[in-house]
Amino acid sequence: MKVDENRLFLEDLGEIVMSRGGKNIWLIKGITQHEAFRDRCLPEKIYVVDFPGRGPGQEFLLSRQACGAEKFLMIKEIGHDMIRLFERMFEGKVAQFVILWGGRPLDLLDANPPLHRIGLLDTTYIKLTRVEHEAAFRGWDIVESSFVGEWWKDETWIIMEECIASGQTVAHFTEEAVQFHRPKRIFLFPVCASLEGLEGICRICMENDIELIPVFNGALIEVAKEGVSKPFTDLGLQPRTVVTRKFYGDLYDRYQGTPLCWVGDIGDSIYKPEQYLMETLEDMLNLGMDPEREDFSLWSPIVRSDHFLTQFEASRPKIFSQVVRYFTP
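Definitions and cut-offs
Residues numbered from 1 in each chain as written. Predicted model: local features only at pLDDT ≥ 70, side-chain atom pairs only at ≥ 80, totals over all residues. Heavy atoms only, no water. Helix = DSSP H or I, 4+ residues; strand = E, 2+ residues; numbered from the N terminus. Rg over C-alpha atoms; globule rule 2.2 N^0.38 Å. Buried < 20%, exposed > 50% of the residue type's maximum accessible area, 1.4 Å probe, protein only. Contact = heavy atoms within 4.5 Å. Areas by Shrake-Rupley, 256 points an atom, 1.4 Å probe, with all protein chains shown as cover. Lys, Arg positive; Asp, Glu negative; His and termini not counted. Charge placed at Lys NZ, Arg CZ, Asp CG, Glu CD. 1 Å grid on protein atoms, 1.4 Å probe; cavity = no way out; pocket = protein on both sides within 12 Å on 5 of 7 lines; lining within 4 Å. Points joined across faces, edges and corners; volume = space filled by probe spheres on them. Salt bridge = Lys/Arg side-chain N within 4 Å of Asp/Glu carboxyl O. Expected span 1.5 Å × (residues − 1). Axes fitted to C-alpha atoms, helices over the stretch in contact; angles between N-to-C directions. Parallel < 35°, antiparallel > 145°, perpendicular 65-115°, else oblique. Left-handed = near helix turned anticlockwise from the far one by under 90°. Nonpolar A, V, L, I, M, F, W, Y, C, P; charged D, E, K, R; others polar. Phe/Tyr/Trp six-rings, centres within 6.5 Å; stacked < 30°, edge-to-face > 60°. Pairing = 2+ DSSP bridges.

Draft legend 1. Inspection of the overall build of the protein chain at higher detail. The helix and strand inventory of the protein chain stands at 10 helices and 13 strands. Here the C-alpha atoms of the protein chain give a radius of gyration of 20 Å, agreeing with the 20 Å that 2.2 N^0.38 yields for 329 residues. When the backbone C-alpha atoms are referred to their principal axes, the protein chain occupies close to 60 × 45 × 45 Å. The proportion of buried residues among the 329 residues of the protein chain is 57%. In the protein chain, once contacts between residues fewer than 6 apart in sequence are set aside, the share between residues at least 24 apart is 71%. Summed over all atoms, the accessible surface of the protein chain reaches about 15100 Å², with 50% contributed by carbon and sulfur. Counting 37 positive and 51 negative side-chain charges, the protein chain places the centres of these two groups 3 Å from one another.

Draft legend 2. Region of interest: empty space enclosed by the protein. On inspection of all chains with the given rule, the structure shows 1 cavity of 30 Å³ or more. Roughly 40 Å³ of volume is contained in the largest cavity. Residue lining of the largest cavity: Leu 281, Met 284, Leu 285, Met 289, Asp 290, Pro 291, Phe 296 and Val 323, and that is the complete set. Per-element accounting of the lining of the largest cavity gives the leading share, 3 residues, to helix 8 (residues 273-286).

Draft legend 3. Spotlight on the pattern of salt bridges. Applying the stated criterion to the full structure yields 13 salt bridges. When the shortest N-O distance is used, the salt bridge between Arg 54 and Glu 59 registers 3.0 Å. On the accessibility criterion, Arg 54 (43% relative accessible area) is partly exposed. Arg 254 is paired through a salt bridge with Glu 294; the nearest N and O atoms lie 2.9 Å apart. Taken together, the residues Arg 254 in helix 6 (residues 245-254) and Glu 294 in the loop between helix 8 and helix 9 (306-315) connect sequence positions 40 residues apart. Overlapping salt bridges, with partners in common, bring together Glu 11, Asp 12 and Arg 245 in one network.

Draft legend 4. Helix 3 (residues 68-85), seen in detail. For helix 3, with 18 residues, the first-to-last C-alpha span of 27 Å sits near the 26 Å given by 1.5 Å per residue. Within helix 3, burial applies to Gly 68, Lys 71, Phe 72, Met 74, Ile 75, Lys 76, Ile 78, Gly 79, His 80, Met 82, Ile 83 and Leu 85.

Draft legend 5. Main features of the environment of Arg 20. Counting through the fold element by element, Arg 20 comes out in strand 1 (residues 15-20). Separated by 271 residues in the primary sequence, Arg 20 and Pro 291 have C-alpha atoms spaced 38 Å apart. In this structure Arg 20 touches Arg 84, Leu 85 and Arg 88, once residues within four positions along its chain are discounted.

Draft legend 6. Layout of unusual backbone geometry. Between Leu 100 and the following residue, Trp 101, the backbone shows a cis peptide bond with an omega angle of 5°. As for its placement among the helices and strands, Trp 101 is situated in the loop between strand 4 (94-100) and strand 5 (122-132). Each neighbour pair has its own omega, and for Asn 112 with Pro 113 the value is 0°, a cis peptide bond. Along the chain, Pro 113 falls in the loop between strand 4 and strand 5. At Asp 209, a position not held by glycine, the phi torsion is positive, near 55°. Along the polypeptide, Asp 209 turns up in the loop between helix 5 (196-207) and strand 11 (211-217). Given the relative accessible area of 70%, Asp 209 is considered exposed.

Draft legend 7. Up close: the packing of helix 8 against helix 9. At a minimum axis distance of 11 Å, the contact between helix 8 and helix 9 shows a crossing angle of 50°. With respect to each other, helix 8 and helix 9 are oriented oblique. Between helix 8 and helix 9 the crossing geometry is right-handed. Of the residues in helix 9, those in contact with Glu 274, Leu 277, Met 278 and Leu 281 of helix 8 are His 307, Phe 308, Gln 311, Phe 312 and Ser 315. Considering only residue class, the contact of helix 8 with helix 9 consists of 5 nonpolar, 3 polar and 1 charged.

Draft legend 8. Broad picture of the side chain of Thr 280. Relative to the assigned elements, Thr 280 resides in helix 8. A relative accessible area of 1% places Thr 280 in the buried class. Apart from the residues within four sequence positions on either side, Thr 280 is in contact with Arg 64 and Trp 299.

Draft legend 9. Just the packing of aromatic side chains, in detail. Scanning all chains against the criterion turns up 20 aromatic pairs. Aromatic pair Trp 299 and Phe 327: ring centres 6.5 Å apart, planes at 45°, arrangement tilted. Pair noted here: Trp 299 is in the loop between helix 8 and helix 9 and Phe 327 is in the segment after helix 10 (317-323), with a separation of 28 residues, a long-range link. Phe 327 shares its class with Trp 299; the two are buried. An aromatic cluster of three or more residues is present, and its members are Phe 97, Phe 147, Trp 151, Trp 157, Phe 173 and Phe 180.

Draft legend 10. Layout of the pairing of strand 4. Counted residue by residue, strand 4 has 7 buried out of 7 residues, so it is predominantly covered. Pairing of strand 4 with strand 7 (residues 156-160) involves 5 bridges; the strand directions are parallel. The residue of strand 7 that forms the bridge with Ala 95 is Trp 157.

Below is the structure:
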């Protein structure tokens, strides 16, 4: 494995400020002072929770094939673990805003054990839908389709968005939200996220004197300039993706040195697993990954079902012909 001498690692940018429950909490201060990020609008402090030794956080980012209930529960476990590490920083009344459907696993009303708060957490569910629009940024617009709850007048807000790539969704939400109330601080706990995705919400928070506290899982990821498939916001091993040196080796081996997106479309992976698995196989082969080196025993039993194989052959015959032998006796 050859490593670019200019690549930055988490050890170069941050320091471990706490270790608790087998997890390391890294703090990166003043990232925009670094030459590689000088032109970016980013918070003064960014936290990264590292699950060393192939803990659940790292395992999630190494498991592009995960889907359905398995992926839902992985997001729930990782997200709630990260939130508990920062619970002492939640000041005053706390409200959570769950962006559906991807943020659903992070819903703290479903946390077990519950957070140590008096009464139920103030909660709002909001459905934001991404629609194609060629003239818009990265070809997508965001529209609100439903809202259940209220704009809570609390000091601390947690925006439950499981994956932040371009950041359009979370910025759209925040821009609307601050018209009704300006909390003192906003926390983010995505299980997979990019620095680009922080810029929109960071700018809104700065303009409204709100402290933004982002907590990432294991990596500061660079969004691909051009993704493999829609929505073209691949989160993978790009030149400016920042992880620990050890985790870099694990990611490089797992994805065979390619920039394959580590998580794919999370919404599809949970709610449309068959379609997601086909897209994953197509992306892998398009990037030149060798299926012989893939451990298909870790893949969902879905890929061995007659229904899946029939659909796969009909929709992607060329890809199907290259991998079918791995799923049939």
